[in-house]
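Observations on chain architecture
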Amino acid sequence: MSGNEPFYVVCHNGVFILPERIFRALSTFVSNGCVYLRQDVDTLTISATRLTDGHRRQLSARFRAPMFRNARKLAIVDLNDSVQVMAVSSAAK
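Rules behind the numbers
- Residues numbered from 1 in each chain as written.
- Predicted model: local features only at pLDDT ≥ 70, side-chain atom pairs only at ≥ 80, totals over all residues.
- Heavy atoms only, no water.
- Pairing = 2+ DSSP bridges.
- Helix = DSSP H or I, 4+ residues; strand = E, 2+ residues; numbered from the N terminus.
- Axes fitted to C-alpha atoms, helices over the stretch in contact; angles between N-to-C directions.
- Core = buried A, V, L, I, M, F, W, Y, C linked by side-chain atoms within 4.5 Å.
- Buried < 20%, exposed > 50% of the residue type's maximum accessible area, 1.4 Å probe, protein only.
- Contact = heavy atoms within 4.5 Å.
- Salt bridge = Lys/Arg side-chain N within 4 Å of Asp/Glu carboxyl O.

1. Some thoughts on the sheet that holds strand β4 (residues 43-47)
Taken in spatial order, the 6 strands make up an open sheet running β1-β7-β8-β4-β3-β5, and their pairing is antiparallel. One side of each edge strand has no neighbouring strand; the edge strands of this open sheet are β1 (7-10) and β5 (55-58). Direction aside, neighbouring strands of the sheet carry axes that sit 30 degrees apart on average. Pairing analysis gives 4 bridges linking strand β3 (residues 34-39) to β4, with the strands arranged antiparallel. Paired with Tyr-36 across the two strands is Ser-47, which belongs to β4.

Below you can see the structure in the form of structure tokens.
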């Protein structure tokens, strides 16, 4: 899958799991076993290529992003060599 159709995943205290299909697609672009993460205002980008103002981490299906601490549901969009993650539902405060 590539393009505009998002996958939806559950998020608990900022922890979420990439769907298997997206994880496998992203791993085909990762050459050194690492991905790069960048947090923007409401989007987390996970990329196989270096990102300006991003940091590097080992590729894993499990991620923790404090920016999604109050989110219950996330939308994940596969953009081939990168993935964008956005909150679509938050817990009541």
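There is more to say after this.
2. Section: the pairing of β3
The pairing of β3 with β5 spans 4 bridges and is classified as antiparallel. For Cys-34, the partnering residue across the bridge sits in β5 and is Gln-58.

3. Regarding the nonpolar core
One finds Phe-16, Ile-46, Phe-68 and Val-85 to be the most contacted residues of the largest nonpolar core, which totals 21 residues. If you list the elements that add at least two residues to this core, you get α1 (20-27), β3, β4, β7 (71-78) and β8 (82-90). In terms of residues, this core owes the most to one element, β7, which gives 3 residues. Apart from the residues lying within four places of it in its own chain, the contact partners of Phe-16 are Val-9, Val-10, Leu-44, Ala-61, Arg-62, Phe-63, Ala-65, Phe-68, Leu-74, Ile-76 and Val-85.

4. Let's talk about the pattern of salt bridges
Following the criterion strictly, the structure yields 2 salt bridges and no others. Taking the shortest distance from any N to any O, the salt bridge between Glu-20 and Arg-24 comes out at 3.3 Å. Residue Glu-20 and its partner Arg-24 are both found in helix α1; the two are separated by 4 residues, about one turn of the helix. Assessed through its relative accessible area of 48%, Glu-20 is described here as partly exposed. As a salt-bridge pair, Arg-38 and Asp-40 come within 3.4 Å of each other at their nearest N and O atoms. We classify Arg-38 as partly exposed; its relative accessible area is 24%. Given a relative accessible area of 37%, Asp-40 falls into the partly exposed group.

5. Focus on the environment of Ser-89
Secondary-structure assignment places Ser-89 in strand β8. The exposure class assigned to Ser-89 is partly exposed, which follows from its relative accessible area of 27%. Taking the C-alpha atoms as reference points, Ser-89 and Val-41, separated by 48 residues in sequence, lie 16 Å from one another. Setting aside residues no more than four positions away along its own chain, Ser-89 makes contact with Ala-71, Arg-72 and Lys-73.

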